[in-house]
Structures are given as C-alpha cells and as structure tokens.
Amino acid sequence: MSESHHETAPSDRIRLDHKLAYGLGSLTNNILAAASGNMIIVLNLAYGMNPAWVSLLGSIPRLTDALTDPLMGYISDNTRTRWGRRRPYIFIGAIAASLIFVLLWQIPGGLSHGALFVYFLLISLLFFLAYTVFATPWVALGYELTADYHERVRLMGVQNFIGQFAWTIASWFIAFMTLPFFVNMAEGASWLSIAVAAACILTGIVPALVLRERFADVSPTRVDTTSLLNRAWHELYLFAHGFRETVVNKDFLLLGGATFLVFNGFQLIASFQTYVIIFYLYGGDSEAAAPLLGWFGTLNSIATFGVIALVTVITPIIGKHHTFYACIGISVIGYASKWFLYSVEYPYLILVAAPLIAFGLGSIFTLMGSMIADVCDVDELKTGERREGMYGSVFWWVVKLGMALAIGLSGPLLNVTGFDQELGGNQSVQTLIWMRVFDVLVPTISSICAIVLIRAYSITENRAYEVRAQLESRRGTL
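All values reported here derive from a predicted model rather than from experimental measurement.

1. Topic: the overall build of the protein
Right, so step 1: When you go through the protein residue by residue, the secondary structure sums to 18 helices and 0 strands.
Right, so step 2: Relative to a compact globule of 478 residues, whose C-alpha radius of gyration would be 23 Å, the protein shows 22 Å and is just as compact.
Right, so step 3: Structurally, the protein occupies a C-alpha span of about 70 × 55 × 35 Å along its principal axes.
Right, so step 4: Buried residues in the protein amount to 59% of all 478 residues.
Right, so step 5: Sequence separation of 24 or more characterises 83% of the internal contacts of the protein that already satisfy a separation of 6 or more.
Right, so step 6: Split by element, the accessible area of the protein, about 19,100 Å² in all, is 68% carbon and sulfur.
Right, so step 7: In the protein, 29 side chains carry a positive charge and 32 a negative one; their mean positions are 6 Å apart.

2. Some points on the packing of aromatic side chains
Right, so step 1: Scanning the model with the defined rule gives 21 aromatic pairs in all.
Right, so step 2: Here Phe127 and Tyr131 contribute two aromatic rings whose centre-to-centre distance is 5.7 Å and whose plane-to-plane angle is 35 degrees, an arrangement assigned as tilted. Of this pair, Phe127 and Tyr131 both sit in helix α6 (residues 113-144), 4 residues apart, roughly one helical turn.
Right, so step 3: According to the relative accessible area criterion, Phe127 is buried, its value standing at 0%.
Right, so step 4: Overall, Tyr131 belongs to the buried group, its relative accessible area being 8%.
Right, so step 5: Between Phe134 and Trp138, the aromatic rings sit 6.4 Å apart at their centres with planes inclined by 10 degrees, giving stacked as the arrangement. Residue Phe134 and its partner Trp138 are located together in helix α6, separated by 4 residues, close to a single helical turn.

3. Some thoughts on the packing of helix α7 (residues 149-170) against helix α15 (residues 353-383)
Helix-helix packing is characterised by the crossing angle of the two axes and by the distance between the axes.
Right, so step 1: Running from amino to carboxyl end, α7 crosses α15 at an angle of 140 degrees, the nearest separation of the two axes being 9 Å. Considering the angle they form, α7 stands oblique to α15. Of the two possible hands of crossing, α7 and α15 adopt the one that is right-handed. Residues Tyr149, Arg152, Val153, Met156, Gly157, Gln159 and Asn160 of α7 form the contact with α15, whose own contacting residues are Leu361, Gly362, Phe365, Thr366, Gly369, Ser370, Ala373, Asp374 and Asp377.
Right, so step 2: Of the residues in the contact of α7 with α15, the class split is 6 nonpolar, 7 polar and 3 charged.

4. What about the nonpolar core?
Right, so step 1: In terms of nonpolar packing, the biggest core is built from 127 residues, with Met39, Leu43, Trp105, Met177, Phe324 and Met368 touching the most fellow members.
Right, so step 2: It is α6 that contributes the most residues to this core, 16 residues altogether.
Right, so step 3: Those residues within four positions of Met39 in sequence are excluded, and the remaining contacts are Ala34, Phe101, Trp105, Phe173, Met177, Ala189, Leu192 and Ser193.

5. Examining a nonpolar patch on the surface
Right, so step 1: A cluster of nonpolar side chains, Phe91, Ile92, Leu209 and Val210, forms an exposed patch at the surface whose accessible area comes to about 340 Å².
Right, so step 2: Looking at the nonpolar patch, the elements with two or more residues in it are α5 (87-104) and α10 (206-210).
Right, so step 3: Following the sequence through the fold, Ile92 ends up in helix α5.

6. A short note on the confidence of the model for the protein
Right, so step 1: Residue-level pLDDT values for the protein average 85, and 93% of them are 70 or greater.
Right, so step 2: Ranking the elements of the protein by mean pLDDT puts helix α11 (residues 228-247) last, at 71, and α5 first, at 96.

7. Notes on the pattern of salt bridges
For side chains bearing opposite charge, pairing can occur when the charged atoms are close.
Right, so step 1: Within the structure shown, the criterion is met by 21 salt bridges.
Right, so step 2: Residues Asp374 and Arg152 are paired through a salt bridge, measuring 2.9 Å at the closest nitrogen-oxygen approach. One end of the pair, Asp374, is in helix α15; the other, Arg152, is in helix α7, and 222 residues separate them in sequence. Here the two residues Asp374 and Arg152 agree in accessibility, since each one is buried.
Right, so step 3: Between Arg152 and Asp377 there is a salt bridge; the shortest N-O distance is 2.9 Å. Here Arg152 is found in helix α7, whereas its partner Asp377 is found in helix α15, with 225 residues between them in sequence. As far as burial versus exposure is concerned, Arg152 and Asp377 are alike and both buried.

8. Some remarks on the side chain of Thr146
Right, so step 1: Turning to its location among the elements, Thr146 is positioned in the loop between α6 and α7.
Right, so step 2: Separated by 2.9 Å, the side chain of Thr146 and the backbone oxygen of Asp12 make a polar contact.
Right, so step 3: Setting aside its immediate chain neighbours within four residues, Thr146 contacts Asp12, Ile14, Glu151, Arg152 and Arg214.

9. Some words on the packing of α5 against α6
Right, so step 1: Put simply, α5 and α6 touch, their axes get as near as 8 Å, and they point 155 degrees apart. When the interaxial angle is binned, α5 and α6 end up roughly antiparallel. Relative to α6, the crossing made by α5 is left-handed.
Right, so step 2: Of the residues belonging to the contact of α5 with α6, the class tally is 21 nonpolar, 2 polar and no charged.

Reading guide: rules and limits
Residues numbered from 1 in each chain as written. Predicted model: local features only at pLDDT ≥ 70, side-chain atom pairs only at ≥ 80, totals over all residues. Heavy atoms only, no water. Helix = DSSP H or I, 4+ residues; strand = E, 2+ residues; numbered from the N terminus. Rg over C-alpha atoms; globule rule 2.2 N^0.38 Å. Buried < 20%, exposed > 50% of the residue type's maximum accessible area, 1.4 Å probe, protein only. Contact = heavy atoms within 4.5 Å. Areas by Shrake-Rupley, 256 points an atom, 1.4 Å probe, with all protein chains shown as cover. Lys, Arg positive; Asp, Glu negative; His and termini not counted. Charge placed at Lys NZ, Arg CZ, Asp CG, Glu CD. Phe/Tyr/Trp six-rings, centres within 6.5 Å; stacked < 30°, edge-to-face > 60°. Axes fitted to C-alpha atoms, helices over the stretch in contact; angles between N-to-C directions. Parallel < 35°, antiparallel > 145°, perpendicular 65-115°, else oblique. Left-handed = near helix turned anticlockwise from the far one by under 90°. Nonpolar A, V, L, I, M, F, W, Y, C, P; charged D, E, K, R; others polar. Core = buried A, V, L, I, M, F, W, Y, C linked by side-chain atoms within 4.5 Å. Patch = residues over 30% accessible without salt bridge, like charges linked within 9 Å, V, L, I, M, F, W, Y side chains within 5 Å. Salt bridge = Lys/Arg side-chain N within 4 Å of Asp/Glu carboxyl O. pLDDT = per-residue confidence, 0-100. Polar contact = N/O pair within 3.5 Å; in protein donor to acceptor, adjacent residues only side chain to side chain.

What follows is the structure, given as structure tokens:
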C-alpha cells in the first residue's frame with residue numbers, strides 16, 4: 001500500500017513532559033492489568049482452588065465491562081467540568097482502583113473454597129468498576145492530545161514504552177511472592193498488593209494533574225426539557241445511538257478484531273507457558289522455575305522497549321499497515337519456535353523466543369492507539385461529534401471481553417490437557433505434550449488471522465491528512 005509521507009508541524013508536537021505524564025498513566029494501567037491477571041494464579045497454587053474456578057474469577061468481572069466501559073466512555077465524552085471531560089475521573093479512578101486492589105488480596109484466613117470464591121468475586125467487581133473509571137477517560141485523553149497522524153504514533157510509542165516497565169516488574173511477581181521471609185505465597189500476595197497500590201496511586205494521578213484537553217469545551221447535543229424522565233430517555237437514546245455508530249464502523253471493527261486476536265491469542269495461553277516451565281522443564285518445582293520465569297518476562301519486556309522504539313521510527317517510513325505486518329509476522333515466528341526451544345536439558349534455551357514474541361504486543365498497542373485516533377477524526381467528519389471515550393471504551397471492552405473469554409477458557413483448557421494439581425511434578429507425558437501444543441498453536445494461528453484483517457483497513461496516511469484538513473476547515477485549527 002503506497003503512501004506519501006507528511007512532516008509533523010512544530011505546532012502539532014506534544015511536549016516531552018506531557019508525553020511522559022501521559023505515559024505514567026500507562027504504567028498505572030498496565031500494573032493494574034498485570035497484577036490482576038498474573039496474581040490470580042495464587043488462588044490455585046496457594047489456596048488449592050480448581051483452575052476452572054480460578055478462570056471464572058478472572059473472567060466474570062471483566063464481562064461486566066460490556067456495560068461499564070461504554071457507559072463510562074459516554075459519561076466521559078459528555079461531562080463538562082472546570083477541569084475537563086477526562087481528568088476528574090482519571091484522578092478519582094486511580095486512587096479508588098488502587099485501594100480496592102489492596103482489599104482484594106487481604107483474604108481472611110480459614111475460608112472454604114466456596115466462601116473464597118464469593119469474597120474474591122465481589123471485591124473484583126468493585127475493583128474493575130473503579131479501574132474502568134480510571135482507564136476509559138485516560139485512553140480517550142490520549143486520542144485527542146494531538147491532531148497529527150505521525151505525532152500520534154510517537155505519543156503512543158512513549159506511553160507504551162513507559163507502560164512496558166509494568167510488565168517487566170510483573171514478570172517477577174511470582175519470585176517476590178515466594179521469597180523465603182513470607183510464610184507462604186498467600187502472604188506474599190497480600191504484601192505485593194500494597195506495593196502495587198502505592199505505585200499506581202503515585203503514577204495514576206499525574207495525567208490528571210499535568211495534562212490539558214483539546215476538546216474540553218465541546219458542547220454535547222441536549223434536549224430542551226425540564227422533565228427528568230424525558231432527559232433520562234434522551235440520554236439513553238444518545239448513548240445507544242453513539243454505541244451503534246461505533247460498533248458499525250468498519251475500520252474500527254477491523255482494528256478491534258485484530259487486537260482481539262493478537263492480544264487474547266496470547267492471553268489464552270499465557271498461563272500455559274508458566275505451567276510448561278514449572279511442570280515440564282522443572283518437574284513441578286515452582287521455586288526452581290521462578291528465576292527462568294522472571295528472566296523470560298524481563299527479556300521479553302526489554303525487547304519490547306526496542307520494538308516500541310523501532311515501530312515509532314519506521315512507521316512514518318513504511319506506513320502503519322506494513323509495520324503491523326512485519327511485527328506480527330516476526331511474533332508468529334517466535335511463537336512457533338517455542339516448540340523446538342523447550343528443552344529439559346537446556347531450559348534457558350526458551351529465552352531465544354522472548355525477543356521475537358515481543359514484536360506482537362510491543363507493536364500492537366503503539367499502532368492501534370494512533371489508528372483509533374485516526375478513526376475518531378473520520379467519525380467526527382461524519383457525525384460532528386468527538387467521541388474518543390466511546391471508541392476507546394468499546395475498543396478496550398473488546399480486548400477485555402476477549403481477555404475474559406481467554407481466562408475463562410484457560411482453566412478448562414488446562415483441564416483438557418489432563419493437568420492435576422495433586423500430582424505435582426508427576427504429570428503424564430500426554431498432559432505435558434498438550435500443554436506445549438496449545439502454547440504454540442493458539443497465538444500462532446490468531447496472529448496470522450489478525451494480519452488478514454488489517455489488510456482490509458482503509459485509513460491511509462493520505463486519507464488521514466485529507467480528513468484533518470476538512471475538519472479544520474469546518475471548525476478551525478485546534
């Protein structure tokens with residue numbers, strides 16, 4: 001796909017301190033995501049809960065995002081305060097989500113598995129609601145910080161780069177929770193949650209305090225009525241209309257579908273790699289496996305930093321489409337190579353796959369954030385509305401829906417392999433083979449399907465600049 005290349009005007013550049021401030025929000029967002037996903041394995045390994053139950057606890061709260069994410073997007077798009085549409089929610093949400101996360105892991109002693117399930121589910125529902133209050137306006141804020149096609153890539157590159165530190169840290173969570181001065185892994189999780197919350201409060205409030213909004217004063221359409229009931233129905237209509245306009249946008253659906261496949265193809269088998277390393281390479285010894293798990297995650301994260309920088313540099317040269325094809329293609333090679341790299345004799349050989357796999361998740365959220373911002377411009381040209389909140393919320397709901405399905409299926413899929421926690425390191429040969437099969441095939445196939453989807457995405461660089469020119473002619477340069 002051939003594109004001419006435009007230069008970013010100085011007035012379209014975002015100040016470095018503002019990019020860094022937005023990036024700190026990514027650190028909060030990713031730490032909360034990583035902690036809520038990675039730590040849940042404690043319910044199986046420390047509390048002995050069935051993997052299928054653990055999967056339900058990971059998936060059910062995320063399914064509620066089907067309502068709360070779009071609703072929060074609509075609320076954020078249509079809020080008018082002296083501090084803007086997004087910033088008050090970012091500030092409040094960062095603090096609330098962090099505090100509730102601490103409560104989630106202060107699990108009372110002596111609970112039966114049924115009582116533990118109920119406790120964890122109820123607190124998780126509150127946590128993900130608060131998380132949505134923070135994350136949805138923060139994502140939307142990033143879409144509107146610049147109008148330039150290339151500067152959007154640079155912004156998303158900076159925030160994704162900073163956010164990767166969260167995944168680097170998270171790769172050592174198991175090692176932290178199994179430190180010898182904790183009585184058990186459960187106590188380690190309790191203290192880890194406090195550290196996570198403190199970090200998230202400190203970083204999460206920064207975007208709200210530092211950044212300003214380009215469209216804070218855009219007035220939404222409102223019905224002229226004093227009837228509370230009529231106003232409620234009107235708001236419901238506007239919400240439903242905006243949601244429909246979002247979910248029928250072809251280019252947006254292609255972006256959401258591709259992200260769904262890349263991210264959740266990985267999420268479905270994310271725990272499988274942990275189990276393969278622990279039970280195949282180390283015979284069930286989680287303490288012995290912890291350093292390799294930590295180093296794999298660290299190497300993957302370090303490589304991801306390089307991928308983000310590379311994507312930021314090459315995208316203006318070869319275009320967003322071709323950058324996507326190249327990066328996801330390399331990650332496919334990484335996933336496929338794991339079949340040959342799992343070696344009992346040389347367990348650290350699996351580290352060879354880490355930098356290749358990094359091209360998938362390292363590129364996807366740098367590219368997708370900038371591409372959805374382009375979609376928002378096309379949408380404004382069509383509807384006359386700025387709806388970054390709705391687009392961001394639906395996009396991330398699709399991702400989280402896939403994550404919920406992936407986590408929900410991962411436990412039963414693990415059971416399909418024949419895995420039995422009671423057997424420890426004595427899992428059957430067939431179980432270990434099936435673990436490796438799922439670990440390799442699922443992300444490889446889903447990533448290939450994502451490449452096929454993006455081939456149909458229609459917004460090129462030329463089209464994006466044409467849309468911007470028409471918008472600025474209509475409303476003036478912002």
